[in-house]
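# Structure assessment
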Amino acid sequence: MKIEMSYLLLAFATVLAPTARGQSTPPQPKITGVLAMLSPKPGVTVEQVMKIMPAEIRATVPLYLDGKIQQWFTRGDGRGVVFLLNCKDVAEARALLEGLPLSKENLMDEQFIPVGPLLPLGILLRD
């Protein structure tokens with residue numbers, strides 16, 4: 001319970017810190033990467049995906065070896081993958097993934113979330 005409360009307080013600090021400093025809008029985080037979630041579009045079959053999968057893997061591994069894909073995961077619900085991409089913005093991430101075979105075949109839904117350092121940690125550096 002104590003750990004859960006710490007996370008809750010940290011979340012509130014993220015929202016309330018700008019107000020406490022008299023700012024009307026929260027500071028914008030520095031974008032250091034993009035979280036990309038890919039899942040098959042409705043109606044796409046496993047067979048369709050698996051037919052393209054060897055080409056997808058051959059195209060994805062070089063992105064990892066080049067440092068563009070920092071981390072990659074299979075979704076826990078089995079409905080796709082999650083990439084943490086070394087990209088400066090969503091446009092760069094989208095362009096990167098649109099070059100992959102599954103995206104070229106229009107088989108995947110893509111969701112992009114820009115991410116950066118956790119802003120409330122700056123509170124620890126204040127006097």
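Structure report, in brief. Nothing here was measured: the structure is a model prediction, and the numbers come from that model.

### Comments concerning the environment of Pro-27
Tracing the backbone through its elements, the reader meets Pro-27 in the loop between α1 (2-20) and β1 (33-40). Relative accessible area serves as the criterion here: at 32%, Pro-27 is assigned to the partly exposed category. Separated by 92 residues in sequence, Pro-27 and Leu-119 have C-alpha atoms that sit 8.1 Å apart.

### A short note on the packing of aromatic side chains
One pass over the full model with this rule turns up two aromatic pairs. A centroid spacing of 5.3 Å and a plane angle of 5° characterise the contact between Tyr-64 and Trp-72, whose relative ring orientation is stacked. A residue is classified by how much of its surface remains accessible, and Trp-72, at 38% relative accessible area, is partly exposed. Seen from their ring centres, Trp-72 and Phe-83 are 6.2 Å apart, and the 40° between their planes marks the pair as tilted. One end of the pair, Trp-72, is in strand β2 (residues 69-74); the other, Phe-83, is in strand β3 (residues 81-85), and 11 residues separate them in sequence.

### Some words on the pairing of β3
For β3, the tally of buried residues reaches four of five residues, placing the bulk of the element in the interior. Direction of pairing for β1 relative to β3: antiparallel, over a ladder of five bridges. What sits directly across from Val-34, in β3, is Leu-85. By the bridge criterion, five bridges tie β2 to β3 in an arrangement that is antiparallel. Residue pairing in the sheet places Phe-73 in a bridge with Val-82 of β3. In sequence, β2 turns back onto β3 through a hairpin of six residues, with Gly-78 there showing a positive phi of about 75°.

Cut-offs and rules
The residue numbering used here restarts from 1 in each chain and proceeds along that chain's sequence as written. Since the coordinates come from a predicted model, pLDDT governs what is reported: local features require at least 70, and pairs of side-chain atoms require 80 or more to be given and counted, while whole-chain, interface and lining totals use all residues. Side-chain numbers come from the whole structure's heavy atoms, not from hydrogens or water. Think of it this way: any DSSP run of H or I at least four residues long counts as a helix, any run of E at least two long counts as a strand, and we number them from the N terminus. Residue burial is assigned from relative accessible area. The probe radius is 1.4 Å, only protein chains are included, and a residue is buried under 20% of its type maximum, exposed over 50%, and partly exposed in between. Working definition: a ring pair exists when centres of Phe, Tyr or Trp rings (six-membered ring for Trp) sit within 6.5 Å. Plane angles under 30 degrees give stacked, over 60 give edge-to-face, the rest tilted. Any two strands between which DSSP finds at least two bridges are classified as paired.

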